[in-house]
Each structure stands twice: as C-alpha cells, then as structure tokens.
Amino acid sequence: MPATTLDATSALVLIDLQKGIAALPTVHPADEVIARGARLAAAFRAQGLPVVLVNVTGGAPGRTETAARGGTPPADWAELVDALDRRPEDILVTKKQWGAFHGTGLDLELRRRGVTQVVFAGIATSIGVESSARAAHEHGYHVTVATDAVTDLDEGSHRHALEKIFPRLGETDTTDAILALLDGDR
C-alpha cells in the first residue's frame, strides 16, 4: 500500500547504516541505500523532525542453526557511515540484537518527542529493519518503510519482507514518494 500520509510527529529511523554492514555484499548497492537514507535524514531535519541513527555492536545470545560471523570485526565496524552527516540533535541508538527497540531507550526517546509515526530505512531488510518495524507496530506507532532505501544480504528474504511482512505492519513507498509527503501533505 503506498504511503498515504505522514503524521506531523513522524521520526526517521535509519537502521545499521554503519561501515561494517555497508561493506557486506547486498542485493541492492549499499551506497544507493545510504544515499537515499541521507536524503531522508536531511529532509526530516529540515522539517525539525527527529532522526534516529541506529548501529549494532553485538548479537543476542542463544543457540542458532546458522553460525554467527566469526572473527573480530575491524575497529570501525560499528561506526556510522559519513554520508549520514550525523548532527548533534540526532538520536543515536546502539543495539546488541536485531531490533532497535529491545534493550534500548528508543521507545522512550520517541515518546518524549510525541512521535506517532516511524519511517524506516537501512540494512538488512529482513533483519534489523524488519525486527524494528515489527516492534514499532507492536508499540502502537504508524509504520512506513522506504522500499528503495532498504537492502538485504539475501534476495528472497528482502523480497519476502517487502511483499509479505511490511504491508501487514504499515505502509510502504519509495524515498521520493515519502519526501513528497513530507514536503506537502503533512
């Protein structure tokens, strides 16, 4: 369902646009996803709306059938990419699991600002973005996903999240359509 509106109290949440994850092989080029995320961030900031920059520094404990990536990541692995042009007013959330809500202060930060809608972009579509979008929906936020500002490590997982999961959580649309709503229809 195309995005129909953006609440006057919307926030942008950019998931895991960090050096280590942006360097991984993705379905759609990470630099294009980052550029669209940066455009969204600049537009939200220009409207005085919150921008949340999320990075991940660890993983949730527990056994899984798929082994976690091994080895020690480079020192700059969790650093946000420079293209996001981080500003002092941006909210930084560091997570240690897939979703940006569990174990972090994200919900509190959004509620303090009166946020009612969250727009998501980032990497990976079926992991950090989907987990965060599910939690936002469960917390009662209106959810919108910028479909061309997300990518994944796996084509099938990316497509499944876009076609089957996100429409059940909220609305989806392109970066340009979301920017048009931000500029005119709020």
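As shown above, the structure is provided for reference.
Read on for a plain summary of the structure. Keep in mind that this is a model prediction, so the values were computed, not measured. (Residues numbered from 1 in each chain as written. Predicted model: local features only at pLDDT ≥ 70, side-chain atom pairs only at ≥ 80, totals over all residues. Heavy atoms only, no water.)

Some details on the overall build of the protein
Convention followed: In DSSP terms, a helix is any run of H or I states spanning at least four residues, a strand is any run of E spanning at least two, and both are numbered starting from the N terminus. Relative accessibility thresholds used throughout: buried, under 20% of the residue-type maximum; exposed, over 50%; partly exposed, between the two (1.4 Å probe, protein chains only). The method behind every accessible area is Shrake-Rupley, applied with a 1.4 Å probe, and residues are considered shielded solely by the protein chains displayed. In summary, the charge assignment counts Lys and Arg as positive and Asp and Glu as negative, without counting His or the chain termini. Where a charge sits is defined by one atom per residue type, namely NZ (Lys), CZ (Arg), CG (Asp) or CD (Glu).
For the protein, the count of helices and strands is six helices and six strands. Traced from its N-terminal end to its C-terminal end, the protein shows the element sequence β-α-α-β-β-α-β-α-β-α-β-α. With respect to the three principal axes, the spread of C-alpha positions in the protein is 45 × 35 × 30 Å. Split into buried and exposed, the 186 residues of the protein put 47% on the buried side. When the accessible surface of the protein is totalled, it reaches about 9,200 Å², and 51% of it is carbon and sulfur. Counting 18 positive and 25 negative side-chain charges, the protein places the averaged centre of each group 5 Å from the other.

Points about the pairing of strand 5 (residues 142-151)
Side-chain direction in a regular strand flips from residue to residue, so the side chains alternate between the two faces of the sheet. Cut-off, in case you're wondering: A crossover gets the label right-handed when its path from the first strand over the helix to the second runs clockwise, viewed with the strands pointing away from the viewer. DSSP-based pairing: two strands are paired if at least 2 bridges between them are found.
Burial of strand 5 is extensive: seven of the ten residues sit out of reach of the surface. Remark: the strand 4 (residues 117-123)/helix 4 (residues 125-138)/strand 5 crossover connection has right-handed handedness. Where strand 5 meets strand 6 (residues 171-173), three bridges bridge the pair, whose relative direction is parallel. Within strand 6, the residue paired with A146 across the bridge is D173.

A short note on the packing of helix 4 against helix 5 (residues 155-169)
The line we're drawing: Between N-to-C directions, angles cover 0 to 180 degrees, with each direction set by a line fitted to C-alpha atoms, over the stretch in contact for helices. Angular relationships are summarised with four words: roughly parallel below 35 degrees, roughly antiparallel beyond 145, roughly perpendicular across 65 to 115, and oblique for the angles in between. The contact criterion used is simple: two residues touch if any of their non-hydrogen atoms lie within 4.5 Å. Under the convention adopted here, Pro, Cys and the residues Ala, Val, Leu, Ile, Met, Phe, Trp and Tyr are nonpolar, Asp, Glu, Lys and Arg are charged, and Gly plus all remaining residues are polar.
The interhelical angle for the contact between helix 4 and helix 5, taken along N-to-C directions, is 5°, at an axis separation of 10 Å. The pairing of helix 4 with helix 5 is recorded here as roughly parallel in orientation. On helix 5, the residues that touch T125, S126, V129, E130, A133, R134 and H137 of helix 4 are S157, H158, A161, L162, I165, F166, R168 and L169. For the contact of helix 4 with helix 5, the class distribution of residues is seven nonpolar, five polar and three charged.

Brief notes about the sheet that holds strand 4
With parallel pairing, six strands are arranged side by side in an open sheet as 3-2-1-4-5-6. Each edge of the open sheet is held by one strand with a lone partner, namely strand 3 (91-95) and strand 6. Averaged over neighbouring strand pairs, the angle between their axes works out to 25° when direction is ignored. Note that strand 2 (residues 51-56) and strand 3 share five bridges and pair parallel. Pairing of V56 across the sheet is with K95, part of strand 3. Contacting strand 1 (10-15), strand 3, strand 4 and strand 5, helix 4 runs over the sheet at an angle of about 170° to strand 4. Contacts from helix 5 reach strand 5 and strand 6, with the element oriented near 165° to strand 5.

Things to note about the packing of helix 2 (residues 30-46) against helix 6 (residues 175-184)
Between helix 2 and helix 6, whose axes approach to 10 Å, the crossing angle comes to 5°. The orientation of helix 2 relative to helix 6 falls into the category roughly parallel. Here R36, R39, L40, A43 and F44 of helix 2 lie close against helix 6, whose contacting residues are T175, D176, I178, L179 and L182. Its residues placed into classes, the contact of helix 2 with helix 6 shows six nonpolar, one polar and three charged.

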